[in-house]
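Results of the structural survey
Here is what each chain is made of, one letter per residue.
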Amino acid sequence: MNEQLEPMAQFFNDRSEIYDEAHLGHLKHDGGMASKDIVALHLPEGTRDILDLGCGTGLELPAIFVRFPQAKVLGIDLAQDMLNLLHERCVGLAVQTRCMSYFDYDFPPAQFDAVISVMSLHHFSPAQKLQLFTQVRGTLRPGGVFINCDYYAKTARDERANFAKLAREHQQPGETHFDTPLTARHEMRLLRQAGFARTEVAWQQGNAKLVCAT
């Protein structure tokens, strides 16, 4: 690995002003803006309280408020510069944010109708995800949904190779900006272990997939 790995918050703060254009350009073959807009379509009727994990600049939020104008969103992200841009995008909308790791968030029981995450969770290990998914399951109200739109490893071999590369740099998943996506099958297995009864891939384009868990 030739490039210097950067701490996660630093990586995104340093790129906040170019994030939207660069991110959507990078994803043009893996969903592009569709990967942001599609989330709103899969939220249950009557959704009001939403937790957004790794909300960044809030690209996914306008479509949600078009469908659910009375929604209230709590967004969590490590990068304050990204959150500042989110608030510019969502002026007048019921959005609150917290600058922190969602792994440090104290998930309240049965608080949200939906938990969403868009292109954020592909930096973490299966153990980290299982812990997080268990907390997500507990913070959902009955009938609530967890929606994760992310990009996924094509094969288990690819998945293992990414973690091996990170280990050779003596880094732990999530400490620095390095992608370690799981396969969708692996991730859905973790969701079921966390207590979700039903999981499905509801949309996909390229390596981007939208996984719904209830």
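The coordinates are above.
Residues numbered from 1 in each chain as written. Predicted model: local features only at pLDDT ≥ 70, side-chain atom pairs only at ≥ 80, totals over all residues. Heavy atoms only, no water.

**Brief notes about the packing of helix 6 (residues 126-139) against helix 8 (residues 184-193)**
- Interhelical geometry of helix 6 versus helix 8 gives an angle of 40° and a closest axis separation of 9 Å. With respect to helix 8, the element helix 6 is oriented oblique. Viewed along their axes, helix 6 and helix 8 form a crossing whose handedness is right-handed. Across the interface between the two elements, P126, K129, L130 and F133 of helix 6 pack against H186, E187, L190, L191 and Q193 of helix 8. (Axes fitted to C-alpha atoms, helices over the stretch in contact; angles between N-to-C directions. Helix = DSSP H or I, 4+ residues; strand = E, 2+ residues; numbered from the N terminus. Parallel < 35°, antiparallel > 145°, perpendicular 65-115°, else oblique. Left-handed = near helix turned anticlockwise from the far one by under 90°. Contact = heavy atoms within 4.5 Å.)

**A few points about the pattern of salt bridges**
- Tallied over the entire structure, the rule returns six salt bridges.
- Of the charged contacts, one joins R141 and D113 as a salt bridge, the two residues approaching to 3.2 Å between their closest N and O atoms. Within this pair, whereas R141 is found in strand 5 (residues 140-151), its partner D113 is found in strand 4 (residues 112-118), the two being separated by 28 residues in sequence.
- For D113, a relative accessible area of 17% puts it in the buried group.
- Within this structure, D49, K72, D113 and R141 form a network of salt bridges that share partners. (Salt bridge = Lys/Arg side-chain N within 4 Å of Asp/Glu carboxyl O. Buried < 20%, exposed > 50% of the residue type's maximum accessible area, 1.4 Å probe, protein only.)

**Topic: the packing of aromatic side chains**
- Under the counting rule described, the total for this entry stands at six aromatic pairs.
- On the numbers, 5.4 Å between centres and 40° between planes, the contact of Y102 with F103 is tilted. Taken individually, Y102 and F103 each receive the classification buried, so the pair is uniform in this respect.
- Relative to F107, the ring of Y105 has its centre 4.8 Å away and its plane inclined at 70°; by these criteria the two rings are edge-to-face.
- Residue classification places Y105 among the buried positions, given a relative accessible area of 6%.
- When its relative accessible area of 11% is taken as the criterion, F107 is described as buried.
- Connected via pairs of aromatic rings, a cluster forms that spans Y102, F103 and F124.
- Here R137 stacks its cationic end above the ring of F196, 5.6 Å away from the centre of that ring. (Phe/Tyr/Trp six-rings, centres within 6.5 Å; stacked < 30°, edge-to-face > 60°. Lys NZ or Arg CZ within 6 Å of the ring centre and 35° of its normal.)

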